[in-house]
Amino acid sequence: MEGFAAARTSADGGERQEGWTSKQRLLVVANRLPVSAVRRGDDVWHLEISVGGLVSALLGVKEFEARWIGWAGVNVPDDIGQRALTKALAEKRCIPVFLDEETVHQYYNGYCNNILWPLFHYLGLPQEDRLATTRSFQSQFDAYKKANQMFADVVNKHYEEGDVVWCHDYHLMFLPQCLKERNNKMKVGWFLHTPFPSSEIHRTLPSRSELLRSVLAADLVGFHTYDYARHFVSACTRILGLEGTPEGVEDQGKLTRVAAFPIGIDSDRFIRALELPQVQDHVRELKQRFDGRKVMLGVDRLDMIKGIPQKILAFEKFLEENPNWRDKVVLLQIAVPTRTDVCEYQKLTSQVHEIVGRINGRFGTLSAVPIHHLDRSLDFYALCALYAVTDVALVTSLRDGMNLVSYEFVACQASKKGVLILSEFAGAAQSLGAGALLVNPWNITEVAASIGYALNMPADEREKRHHHNFMYVTTHTSQEWAATFVSELNDTIVEAQLRTRQVPPLLPMKIAVDRYLQSNNRLLILGFNATLTQPANTLGRRGDQIREMELKLHPDLREPLKNLCDDPKTTTVVISGSDRSVLDDNFGEYNMWLAAENGMFLRLTTGEWMTTMPENLTMDWVDSVKHVFEYFTERTPRSHFELRETSLLWNYKYADVEFGRLQARDMLQHLWTGPISNAALDVVQGSRSVEVRAVGVTKGAAIDRILGEIVHNKGLKAPIDYVLCVGHFLGKDEDVYTFFEPELPCEILPAIRTKVADPVVAPIPHNSLSKTARLKKQRSLSTLERRSVNPVVRGAWRPIMRDKVSLHEGSSVLDLKSENYFSCSVGRKQSSARYLLGSSDDVVALIKDLAECSSEVECLGEEQRGA
């Protein structure tokens, strides 16, 4: 456990002198507690430890001080019973969640077992009576969310700082989000014990996006196999449009780790059990009973996914093709009944009984039958004995999260060294595939042939196969599984803290507004797309493409933005990559400056457009690049490209994510080896776009030219002493943030960036710009060249020069102190901006605050002047 100890030390921020005397608390949250509760009186309960995959895995974990939180499996409506059960469970380190009967029916029987479980096992959504299912779906989903919140309430009540909260399975997919909303610093992991289906299956679920986002609130998401993890990342990419990385899923700088953690068993428990007298008695009895016959074994829940009919039919085919084995082999099938009140399970039971009866009638004799079928479970000792005498174990799951029966069989085979036939659709095939015979359970012929191969396998091959699997099962135990998961979770938290230090803090709106009111000459630089626009209201990832492509100003901004623009102390600039017509349509009625195409075109809304393009800027490359963009647009459904006056942009936001990325990669190779190989061009890659523009065309490079024109036009009587720069800009354009950054010592700037605390406590150093350093390194020697407001004819790239304005006229434009500069990235956590805003809704709130406070101050001033 050295690896875990190291993670523990780093996560806690220092060594613990007491070592492991004070264990880390682990809150294990699962739908069911590992106990069965039976009421014997008003305040008397009888408790028994239950068995199962998760229970077996965690019972052997000794490294943590574990607490179980879950439903006890019984309805306890009265306070006396709840208090008595809580007290009884506390002795077993269990904490109950009390669910009423209606919630259990809708949440557990409804949404969990009728919707999620079949879907995750590739059985699809319910097909019978679709209308009734559709009507009940929302109520079941509401009950699911309600139950998850009830679990969260119990966790929050018992949580202590430093605890690790480990949520389990599809019953609690909403729990990570519920917990993080209450306490964002809580260490939360989530593990799925079933398969996670292909994104094409998951996307059929009506609540697909909500469930994915809820799970992504966890710090670490675990699955049994890499395939399941890959499917989850693919679903997040295709359905939510998020970025999948080798580490997990990234959403605006927040990384959720996604990894595979194959579960194990407490193998020592099985190995020790073989030495017990009661087990050895069972072994002798079984050997005597089946003397002279090879024993084949199947142990399954009687469930559709376990492939029991396929297994029995394959055995029948083997007996058909191998008459000499008919009296030399027996199949023992233990089928544990489950959900006996459900019609589909009753049909399955009848089907299995019918097949077994037919085969036994066909191949059996008065003294022996080829199949012994039991519709019941066996106690632990009898099961170990059965594993020990088995020659061939047959696992034919049609879809299984892991299947620990295969592990248990291997653990009990030290002397017999039997053969494991394992379905390739079981998660265990990823772990035990090298030593097992892998089969497709749907292929009856293949399974029958594998049975023959296993029964005739030479002893040396059996021993090699068994040794490989035995070493794996005894080293990858449940203890290792749990320790590895919690260790990874601790490490993930530490890594997330390091990443968080590189993320700008949230904008302190009150301070930004106060500084605004105290200043005399303000400059507001605002982006447009994803800054002043309304957030796209999408269902999942794919929304209304046509509507989203048409950029519109957020309706809630019209009035406050007009108030700011009419303030004589405030100069407002909207700078965007969009073309001039888009800005004209949205901002033509406001008194502001518009900077289109990354600042290459500029106008005051009361004047005409002019270009700020350098004289040496050439657009000869456009036609050749346009052909490449047209080629890939035709071959990438739902992609489109924009031909602008100074750049070309190809957007594949609405295309299939993976195909779009492949096409973008191919496009870049075409561009770099062809049209732009020797041209002075920049290729700017966005998250779902590729843009080609001339070298030096950036928003930051345009700012100095824009400032010069503002000074020339406005005749500023006082230098600018406050700058607010807000936008959702590409990395290439983030030089607009650093343009105004005061020349602070290099060791100070990172300190500003890492302050997550309230800036009132840790203010930005009050450094001001010297008057000789008003404009920064991006200063260009280009001139401002005026152009007519008439629409530009495509291809008329050369600007018509009317007069020239020297930039040096703006050399005294800034008198900016550090505490009066607020650069703010909208939605991009990986940014060179000082601060962060979550979305355009936060921008709306900021601009409203600025406008309201400004109006109040103005009214107060008028009253004082009137007095």
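Residues numbered from 1 in each chain as written. Predicted model: local features only at pLDDT ≥ 70, side-chain atom pairs only at ≥ 80, totals over all residues. Heavy atoms only, no water.

Structural notes on the sheet that holds strand 13 (residues 329-336)
Stage number 1. Pairing is parallel across the open sheet formed by six strands, whose spatial order is 14-13-12-15-16-17. Either end of the sheet is taken by a strand with one partner, and the two such strands are strand 14 (371-374) and strand 17 (437-439). Strand-to-strand twist across the sheet, computed as the mean angle between neighbouring axes with direction ignored, equals 20°.
Stage number 2. Across eight bridges, strand 12 (residues 294-301) lies against strand 13 in parallel orientation. Note that in strand 13 the partner of Val 299 across the bridge is Ile 334.
Stage number 3. In the packing of helix 12 (residues 308-321) onto the sheet, contacts are made with strand 12, strand 13, strand 14 and strand 15 (392-395), and the angle to strand 13 comes to roughly 170°.
Stage number 4. Lying on the sheet, helix 17 (residues 444-455) is in contact with strand 12, strand 13, strand 15, strand 16 (419-423) and strand 17; it crosses strand 17 at an angle near 170°. (Pairing = 2+ DSSP bridges. Helix = DSSP H or I, 4+ residues; strand = E, 2+ residues; numbered from the N terminus. Axes fitted to C-alpha atoms, helices over the stretch in contact; angles between N-to-C directions. Contact = heavy atoms within 4.5 Å.)

A short note on the packing of helix 9 (residues 226-240) against helix 25 (residues 657-673)
Stage number 1. Between helix 9 and helix 25, whose axes approach to 9 Å, the crossing angle comes to 85°. For the element pair helix 9 / helix 25, the angle class is roughly perpendicular. Together, Ser 234, Thr 237 and Arg 238 of helix 9 and Val 657, Glu 658 and Arg 661 of helix 25 make up the contact between the two elements.
Stage number 2. Considered class by class, the residues forming the contact of helix 9 with helix 25 number one nonpolar, two polar and three charged. (Parallel < 35°, antiparallel > 145°, perpendicular 65-115°, else oblique. Nonpolar A, V, L, I, M, F, W, Y, C, P; charged D, E, K, R; others polar.)

Some thoughts on the side chain of Arg 705
Stage number 1. By the secondary structure assignment, Arg 705 is in helix 26 (residues 699-714).
Stage number 2. Within the buried core, Arg 705 has no salt-bridge partner, and the shortest N-O distance to an opposite charge, that of Asp 704, equals 4.3 Å.
Stage number 3. Looking at Arg 705, its side chain comes within polar contact range of the main-chain oxygen of Ala 701, at 3.2 Å. (Buried < 20%, exposed > 50% of the residue type's maximum accessible area, 1.4 Å probe, protein only. Lys, Arg positive; Asp, Glu negative; His and termini not counted. Salt bridge = Lys/Arg side-chain N within 4 Å of Asp/Glu carboxyl O. Polar contact = N/O pair within 3.5 Å; in protein donor to acceptor, adjacent residues only side chain to side chain.)

Notes on the pattern of salt bridges
Pairing is possible between side chains of opposite charge, provided their charged atoms come close.
Stage number 1. Summed over all chains, the structure comprises 37 salt bridges.
Stage number 2. Residue Arg 230 pairs with Asp 227 through a salt bridge whose shortest N-O separation is 3.1 Å. One end of the pair is Arg 230 and the other is Asp 227, both in helix 9 and three residues apart, which spans about a single turn.
Stage number 3. Given a relative accessible area of 40%, Arg 230 falls into the partly exposed group.
Stage number 4. Across the salt bridge formed by Lys 306 and Asp 400, the nearest N and O atoms sit 2.8 Å from each other. Of the two residues, Lys 306 sits in the loop between strand 12 and helix 12 while Asp 400 sits in the loop between strand 15 and helix 15 (405-411), which places them 94 residues apart along the sequence.
Stage number 5. Among the residues examined, Lys 306 registers a relative accessible area of 9% and is labelled buried.

Overview of the confidence of the model for the protein
Stage number 1. With 84% of its residues at a pLDDT of 70 or more, the protein shows a mean pLDDT of 84.
Stage number 2. Counted against residues more than four places away or in other chains, residues 1-21, with its pLDDT under 50, gives 30 contacts.
Stage number 3. Residue range residues 537-542 is modelled with pLDDT below 50. Its contacts to residues more than four positions away, or to other chains, number 20 contacts. (pLDDT = per-residue confidence, 0-100.)

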